[in-house]
Amino acid sequence: MDQTTDWPSSLARRLLAGAAASRNELLAVVDAPRRQLGALLAATRRVREAHFGRDVRLQVLVNARSGQCGQDCGYCAQRKTERGVERPDVVRYPLLDAAALARGAVTARELGADRYCIVTSGRQLPRRAFERLLDSLQHVREASDIPLCLSIGELDDERASAVRQSGARWINHNLNTSARYYPSLCSTHTQADRVATLRAAGRQRLSRCSGVIIGVGETNADLVDVALSLRELDVDAIPVNFYCSIPHTPLAGRTPRLTLERCLKALCLFRLANPTKQIRLSAGRERHLGDAQPLALGAVDSLFAGGYLSVGGENYESTCRMVRAAGYRVV
Ligand code: SF4
């Protein structure tokens, strides 16, 4: 990549003409020197606005089952501990009942959210909990017409089909990082397991949301590789999380400081690798982007509002204010 030319602008023109960014072009995005960040953000904004205008959609999530996870994802507060001891600061509760889920859906709709995401801890919901959740969805759908997304761990074809029949149209299952780096984050399952769930959901014509975490010690090449994996899987939405260190988890204190520049370049990368897909600003946006969130809106078209699973976040109303003040429209 010729660093003396306005290559971000040329790249945007190529993408707007229907081309796909190459691996080298995407590497240039994450490797870009600071002096090119402005040009990169401007080019990314052109691509974003060509496909989404100045629209922003907001999603609300509910932690529907907390703790009790036997997996060892190194960034997660809900992971098992080495001695199987429950972390005192993680609230542990079983699957929320239908009434609680329905109340959350009604509130999310009243706020104006575009989607209600029901998230459960663990690699896979136990069968009885899975069936109970799908039964509850009927109640949720009677209470509110808000579109539902389920993030309920691994799905095979049978479960994906049952989700489809329940009326939920979206599933979330994050790839998190590249296949190469995945074993550094987790030893109890593989990224191939995660890909299998996304493929099963695709076969059942569910829309697929699959996100990443930035700042867990990955290289620039890892970021590009996961962006390309998500493009190859043709997922519909990509939440981008920024790692927030959680005390007493294996990654705490072992990751390089996540800079604003890296966060912004990562957002540009996911937009330019997947121009027409929903790119979602997710956990850690408040901590790592702060007052620069309006700049990030030039790359993303959607945000989670009102907090995350084990990390608090900006509430819905102030998120809307920030979006409008930046010249975007909440739809
Ligand atoms: S990310 Fe999910 S599977 Fe991994 S430890 Fe946390 S709750 Fe368990």
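The notes below deal with the structure included here. Residue numbers here run from 1 along each chain, matching the order of that chain's written sequence. Whole-chain, interface and lining totals are the exception, using all residues; otherwise, since this is a predicted model, local features are given only for residues with pLDDT of at least 70 and side-chain atom pairs are given and counted only at 80 or more. With hydrogens and water set aside, each side-chain value is computed from the structure's full complement of heavy atoms.

Some details on helix H10 (residues 260-273)
Stated formally: Secondary structure elements follow DSSP: runs of H or I of four or more residues count as helices, runs of E of two or more count as strands, with numbering from the N terminus. Expected helix span is taken as 1.5 Å per residue step, with the number of steps being one fewer than the number of residues. Between buried and exposed lies partly exposed: a residue is buried under 20% and exposed over 50% of the maximum accessible area for its type, with that area taken using a 1.4 Å probe on protein chains only.
Here H10 is 14 residues long and its end C-alpha atoms lie 20 Å apart, about the 20 Å a rise of 1.5 Å per residue gives. Most of H10 is tucked away: 13 of the 14 residues are buried.

A closer look at the site of the ligand
Defined as follows: In these notes, residues near a molecule or strand are those with any non-hydrogen atom within 4 Å of it. Any residue outside Ala, Val, Leu, Ile, Met, Phe, Trp, Tyr, Cys, Pro, Asp, Glu, Lys and Arg is labelled polar, Gly included; the first ten of those are nonpolar and the last four are charged.
Lining the immediate environment of the ligand, one finds Cys69, Gln71, Cys73, Tyr75, Cys76, Arg79, Ser121 and Gly122. Taken together, the residues that form the shell around the ligand break down as four nonpolar, three polar and one charged.

Some remarks on the side chain of Arg271
Applied cut-off: Polar contact is defined as a pair of N or O atoms within 3.5 Å, subject to the rule that within protein one atom must be able to donate a hydrogen and the other to accept it, and that residues adjacent in sequence are counted only when both atoms are side-chain atoms. Any two residues whose heavy atoms approach within 4.5 Å are treated as being in contact.
If you trace the backbone, Arg271 turns up in helix H10. Owing to a relative accessible area of 0%, Arg271 belongs among the buried residues under this scheme. A polar contact of 2.8 Å, which involves the side chain of Arg271, links it to the backbone oxygen of Lys277. Apart from residues lying up to four places away in sequence, Arg271 is in contact with Thr44, Val47, Arg48, Phe52, Thr276, Lys277, Ile279, Ala299, Val300 and Asp301.

Description of the nonpolar core
Threshold: Residues belong to a common nonpolar core when they are buried Ala, Val, Leu, Ile, Met, Phe, Trp, Tyr or Cys residues joined through side-chain atoms within 4.5 Å.
With 89 residues, the main nonpolar core has Val163 and Phe270 as its most contacted residues. Filtering out sequence-adjacent residues up to four positions away, Val163 remains in contact with Phe130, Leu134, Leu150, Ile152, Leu155, Ala168, Ile171 and Leu206.

Side note on the side chain of Lys265
By the secondary structure assignment, Lys265 is in helix H10. Excluding its chain neighbours within four sequence positions, the residues that come into contact with Lys265 are Val29, Val30, Asp31, Ala32, Leu37 and Leu40.

A word on the pattern of salt bridges
Stated precisely, the cut-off is as follows: Put simply, a salt bridge is a Lys or Arg side-chain nitrogen that is within 4 Å of an Asp or Glu carboxyl oxygen.
Per the counting criterion, the structure on display carries 20 salt bridges. Note that Asp55 and Arg329 form a salt bridge whose closest N and O atoms lie 2.8 Å from each other. Separated by 274 residues along the polypeptide, Asp55 in strand E1 (residues 55-65) and Arg329 in strand E10 (residues 329-330) bring together distant segments of the chain. With relative accessibility at 17%, the residue Asp55 sits in the buried group. A salt bridge links Arg262 to Glu218; the nearest nitrogen and oxygen atoms lie 3.3 Å apart. With Arg262 in helix H10 and Glu218 in the loop between strand E6 (212-214) and helix H9 (220-233), this pair connects stretches of sequence that are 44 residues apart. In this pair, the class of Arg262 matches that of Glu218, namely buried. When salt bridges with common partners are traced through the structure, they connect Arg34, Glu261 and Lys265 into a single cluster.

Read these as geometric descriptors, not functional statements.
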